[in-house]
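Each chain, written out:
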Amino acid sequence: MSAFLDAYLTPSASAVKFAIKATLAMFLALYLALWFNLDRPYWALISAAFLQIRPMSGMVVEKGLCQIGGTAIGALAGIVIMALFVQARVPALIALTAWIMLCTYGSSLLRNNFSYGCIMAAVTAMLIVVIAGSNPASVFDVAVARLSELGLGAVCATLVSSLLWPSQVSDHLAAQADSVVNQAFVQAAQRLEASDDEAALQASLTGSLGPLTMLETDSQAARYEGPEGKGRVRATHVLTRRTLRFLATLQAMQRLLRDHNARIDGDIRQLIAEIAEGFRQAEQVSGVSAARERLQALRHRAHQQDTASLAPLQLRIVLGLRETLGHAIVMLDAREAVTRPRGRQLRSGRLSWHRDHLAAGVNALRAGIVFVGLATFWVLTHWSNGQVAMLLGTLFSAFFASRDNPVALTLTFFKGMLFAIPSAFLFGHVLLSQASGFPLLALVFGTPLFLGLLGAGNPRTMGHCLAFTIFNILLTMPGNGMDFSFDSFANRAISVIIGLSAVVMSFRLLPGLGATLRQRRLVSSITRDLRRIDRHSRHDTEARFAGRMADRILSMARHDDTLPEKQRHLLALGLTGLDMGNSSLRLRGWLDDTPHPAVKRAQRQVHEALAEAYAESAAGRPIGNALSRAAHSLYDAVAHHDALPQESRPLLQGLLERLELTLSQQAERQAATDTAG
């Protein structure tokens, strides 16, 4: 209960502002909907509520556009279904089920507000088919009403968000970028110190990757905040790419330092210690300029290190340090460009994302089963309030499907719904039935909504309180011709319980991909990307690989957090895969321009062997000699055709040897982990 006490007894200023803004937006939408005499004014209320969940101006605009676009597409789909099956209810419901599954599938593959647009397309089509089923002539009226209500809510949410305590996506992106860079620098210091504190290493790594994924996802909304928005989007893409390279290079460096510590001489040790301390200082200083100045000095120091007489291992360490510092400086440039894009123009293409079509298919199947079950119940019982149950089943089975822990989230919403039942009865029926005029309606009905939104402003209580707010609206359904009878309220309460119970049961019975299968699919997808890393242009490949790996590594890190410390290995697999991909891209940078077919063939064989060796090492099996043979063939082809300058060939040879050593060590560690497990 301490989280709720904190939320209500000592609310933050941001939570209070959020509650006030959201409440005003909702009641502005409700007032206009009542004034225009719309059929279901509470939809405008819900629309404004959903758009205010993240009340940054660009985010509200983007989500509003996605909501209206999804609603329009869903309305068109509903009209088409009714036109084809106007006199056949069962075929219409079958077609509607297929549409809901398709929208859920698309929602599972897309990101952020575009995913929400797919969900709205499913919900709108369902409402049109179900509501207009008994009166086919009203299908266009129902479609226009849904568009009007949701559009009105979007407009009101946008106005309030822009005029009252406006917050910008740019400020949010700057805060996330700070977290990304600072935690990455902490990770750098830990790795260069060869720390064996796995808990601390994972904490700083996930502390960087979590904001990085949010930064990349949310950055698209910056396009709606003026001409500098596109510059911020490009800066976030650069920061994502460089941060992932930075983290992968650090993991490889840590293994070299930890496994070959005795072979590193005093000068190199001192340089490593200075750079590790420099990263700690850069993380603590205030301002990008001071951090960049510190890292520039260290980079100059690393470039002054004499490499002519160094052994191959120490040469590799020095080059790795230079590379790490180079990535860090670009990260700082990108961080500054997120805040001031006019000052630094960075170029970067859009990143791709990891998409698991099997998981999306399971989500679509689950949503279809939920809707079919509720629709069958509705058809057999002829229960008018079955529409509410079908609405909740359609909305939440798709909305929760792509979340990290949908079972826990649905249970949280279920608890919030149970708390909303007595609240809606007291405020939405007993007290509201005595009110006359909109001011009294807003005062009475606004009390539970404001309290719910105030709690929703605290991340620890957001799930319960957001559900409390939404279900107060659905259980009351404010409008011009409200029915305050107890029978009407009881019917709605039962339909809400049935609809959400069906969602909870569906996630219990069909929870999605298991941990083992998810691990295999993640490793398989990384292997597939490694195998195809030379199929497209280097720029496009880098964009796809970096974005997908960000998703995969974060997913692996979240899974590792649920395991005992000795069994945490998925994150290491992801970072190794990232290292393999970056090394393959480096090979392409060296050899893509060579005109010799023999070198091209040898390079292709290395990519294939590297992907196969990664898959074997991830399974805890020896990697064999295929990678070693492919590496020697490539080196011989390069030497024979003079495809690289003489001074660059030791770098090629050292890189290939390091990759083989890294995968051999990973195979040993994975085998030991599997044995211990």
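Procedures and definitions
- Residues numbered from 1 in each chain as written.
- Predicted model: local features only at pLDDT ≥ 70, side-chain atom pairs only at ≥ 80, totals over all residues.
- Heavy atoms only, no water.
- Helix = DSSP H or I, 4+ residues; strand = E, 2+ residues; numbered from the N terminus.
- Rg over C-alpha atoms; globule rule 2.2 N^0.38 Å.
- Buried < 20%, exposed > 50% of the residue type's maximum accessible area, 1.4 Å probe, protein only.
- Areas by Shrake-Rupley, 256 points an atom, 1.4 Å probe, with all protein chains shown as cover.
- Lys, Arg positive; Asp, Glu negative; His and termini not counted.
- Charge placed at Lys NZ, Arg CZ, Asp CG, Glu CD.
- Core = buried A, V, L, I, M, F, W, Y, C linked by side-chain atoms within 4.5 Å.
- Contact = heavy atoms within 4.5 Å.
- Expected span 1.5 Å × (residues − 1).
- 1 Å grid on protein atoms, 1.4 Å probe; cavity = no way out; pocket = protein on both sides within 12 Å on 5 of 7 lines; lining within 4 Å.
- Points joined across faces, edges and corners; volume = space filled by probe spheres on them.
- Nonpolar A, V, L, I, M, F, W, Y, C, P; charged D, E, K, R; others polar.
- Axes fitted to C-alpha atoms, helices over the stretch in contact; angles between N-to-C directions.
- Parallel < 35°, antiparallel > 145°, perpendicular 65-115°, else oblique.
- Bend = angle between axes of the 7 residues up to and from the residue.
- pLDDT = per-residue confidence, 0-100.
- Patch = residues over 30% accessible without salt bridge, like charges linked within 9 Å, V, L, I, M, F, W, Y side chains within 5 Å.
- Salt bridge = Lys/Arg side-chain N within 4 Å of Asp/Glu carboxyl O.
- Left-handed = near helix turned anticlockwise from the far one by under 90°.
- Phe/Tyr/Trp six-rings, centres within 6.5 Å; stacked < 30°, edge-to-face > 60°.
- Lys NZ or Arg CZ within 6 Å of the ring centre and 35° of its normal.
- Disulfide = S-S within 2.5 Å.

**Q** I'd like to hear about the overall build of the chain, residue by residue, with values.
**A** Assigned secondary structure in the chain consists of 25 helices and 0 strands. For the chain, whose C-alpha radius of gyration is 28 Å, the value lies close to the compact-globule estimate of 26 Å for 677 residues. With respect to the principal axes defined by its C-alpha atoms, the chain has extents near 90 × 50 × 50 Å. Here the chain, with 677 residues, has 57% of them falling under the buried criterion. With the model as given, the accessible surface of the chain reaches about 27,900 Å², and the carbon-plus-sulfur share is 58%. Each charge class in the chain was averaged separately, 64 positive and 51 negative side chains, and the resulting centres sit 4 Å apart.

**Q** How would you sum up the nonpolar core? Please name residues and give values.
**A** Core analysis: the largest hydrophobic core is formed by 108 residues, its most contacted members being Leu96, Met126, Phe396, Phe413 and Phe471. The greatest single-element share of this core, amounting to 13 residues, is contributed by helix α6 (residues 112-131). Setting aside its immediate chain neighbours within four residues, Phe396 contacts Phe413, Phe471, Leu500, Val503 and Phe507. Judged by nonpolar contacts, the second largest core, of 98 residues, contains Ala276, Leu325, Val606 and Ala637.

**Q** Explain helix α23 (residues 597-618) to me, using residue names and the numbers behind them.
**A** With 22 residues, α23 extends 32 Å from end C-alpha to end C-alpha; this agrees with the ideal 32 Å at 1.5 Å per step. Immediately beyond the C-terminal end of α23, within one or two residues, lies Gly620, with a positive phi of roughly 80 degrees.

**Q** Now, about empty space enclosed by the protein: what can you tell me, with residues and values included?
**A** Counted under the stated rule, the structure contains 4 cavities of 30 Å³ or more. Size it by volume and the largest cavity reaches roughly 110 Å³. What lines the largest cavity is a set of 14 residues, among which Trp43, Ile46, Phe50, Met120 and Leu395 lie closest to the centre. Of all the secondary-structure elements, those providing two or more residues to the lining of the largest cavity are α3 (41-51), α6, α15 (386-399) and α18 (462-476). Top element by residues in the lining of the largest cavity is α3. It accounts for 4 residues. The residue inventory of the lining of the largest cavity, partitioned by class, reads 12 nonpolar, 2 polar and no charged. Considering only enclosed or pocket space, the second largest cavity measures out at about 60 Å³ in volume. Along its surface, the second largest cavity is lined by Arg241, Leu244, Arg245, Glu542, Phe545, Ala546, Leu578, Asn582 and Leu585.

**Q** Describe the environment of Leu30, with residues and values.
**A** Mapped onto the elements of the fold, Leu30 is located in helix α2 (residues 13-35). Owing to a relative accessible area of 0%, Leu30 belongs among the buried residues under this scheme. Expressed as a C-alpha distance, the spacing of Leu30 and Ala48, which sit 18 residues apart in the sequence, is 9.2 Å.

**Q** Describe in detail the packing of α3 against α18, supporting the description with residues and values.
**A** Viewed as axis vectors pointing N to C, α3 and α18 meet at an angle of 175 degrees, and their least axial separation amounts to 10 Å. Judged by the inter-axis angle, α3 sits roughly antiparallel to α18. Each of Tyr42, Leu45, Ile46 and Phe50 in α3 lies in contact with α18, whose residues at this interface are Ile470, Ile473 and Leu474.

**Q** So what's going on with the environment of Leu215? Which residues, and what values?
**A** Of note, Leu215 is situated in helix α9 (residues 198-218). In this structure, the C-alpha to C-alpha distance between Leu215 and Ser57, residues 158 residues apart in sequence, is 16 Å. Leu215 has contacts with Leu173, Gln176, Ala177, Thr236 and Leu239, leaving out every residue within four places of it along the chain.

**Q** I'd love a proper account of helix α17 (residues 438-456), names of residues and values included.
**A** Because the α-helix completes a turn every 3.6 residues, residues three or four places apart line up on one side. For α17, spanning 19 residues, the distance from its first C-alpha to its last is 25 Å, which sits close to the expected 27 Å at 1.5 Å a residue. Its maximal kink placed at Gly446, α17 deviates by approximately 45 degrees, while the proline Pro448 follows within four residues. Turning to α17, its buried residues number three or more, namely Leu441, Val444, Phe445, Gly446, Pro448, Leu449, Gly452, Leu453, Leu454, Gly455 and Ala456. Its buried side turned inward, α17 meets α1 (2-9), α2, α3, α16 (406-431) and α18.

**Q** Give a description of the confidence of the model for the chain that names residues and reports values.
**A** Mean pLDDT over the chain: 85, with 95% of residues reaching 70 or higher. For the chain, per-element mean pLDDT is lowest for helix α21 (residues 538-561), which scores 74, and highest for helix α5 (residues 89-109), which scores 93.

**Q** If you had to explain a nonpolar patch on the surface to someone new, which residues and values would you point to?
**A** There is a patch of nonpolar side chains on the surface, built from Phe425, Leu426, Val430, Leu431 and Phe486 and spanning about 420 Å² of accessible area. Considering each element in turn, the nonpolar patch owes the most residues, 4 residues, to α16. Its location among the elements puts Phe425 in helix α16. Relative accessible area serves as the criterion here: at 32%, Phe425 is assigned to the partly exposed category.

**Q** Account for the packing of helix α8 (residues 169-192) against helix α11 (residues 266-284), with residues named and values stated.
**A** It is the contact of α8 with α11, at a shortest axis distance of 8 Å, that shows an interaxial angle of 160 degrees. Relative to α11, the element α8 is oriented roughly antiparallel. Pair α8 / α11 crosses with left-handed handedness. Taking contact as the criterion, the partners of Asn182, Phe185, Val186, Ala188, Ala189, Gln190 and Leu192 in α8 are, on α11, Ile272, Ile275, Ala276, Phe279, Arg280, Ala282 and Glu283.

**Q** Lay out the packing of aromatic side chains with the relevant residues and their values.
**A** By the definition in use, this model includes 18 aromatic pairs. Between Phe246 and Phe279, the ring centres sit 5.6 Å apart and the planes meet at 65 degrees, which makes this aromatic pair edge-to-face. Pair noted here: Phe246 is in helix α10 (residues 229-259) and Phe279 is in helix α11, with a separation of 33 residues, a long-range link. In this structure Phe246 comes out as buried when scored by relative accessible area, which is 0%. Owing to a relative accessible area of 0%, Phe279 belongs among the buried residues under this scheme. Three or more aromatic residues joined by ring pairs form one cluster here, namely Phe50, Tyr116, Phe396, Phe399, Phe400, Phe413 and Phe471. Its guanidinium or amino end placed over the ring of Tyr116, Lys63 lies 4.7 Å from that ring's centre, counting from NZ or CZ. Taking NZ or CZ as reference, Arg89 lies 4.9 Å from the ring centre of Trp378, over its face.

**Q** Summarise the pattern of salt bridges; cite the residues concerned and give the values.
**A** Close approach of charged atoms lets side chains of opposite charge pair. As enumerated under the stated definition, the model contains 20 salt bridges in all. In this structure, Glu336 and Arg340 form a salt bridge, with 3.1 Å as the shortest nitrogen-oxygen distance. A salt bridge links Arg621 to Glu616, with the nearest nitrogen and oxygen atoms 2.7 Å apart. Accessibility expressed as a relative area gives 42% for Arg621, which makes it partly exposed. Connected through shared salt-bridge partners, Arg531, Asp534, Arg604, Glu608 and Glu612 make up one network.

**Q** For the state of the cysteines, give the residues involved together with the corresponding values.
**A** One pass over the structure, following the stated rule, counts 0 disulfides. Not engaged in a disulfide, the cysteine Cys66 finds its nearest cysteine sulfur in Cys118; these two sulfurs lie 8.9 Å apart. No disulfide involves Cys156; its nearest neighbouring cysteine sulfur is the one of Cys66, lying 19 Å away. Given a relative accessible area of 2%, Cys156 falls into the buried group.

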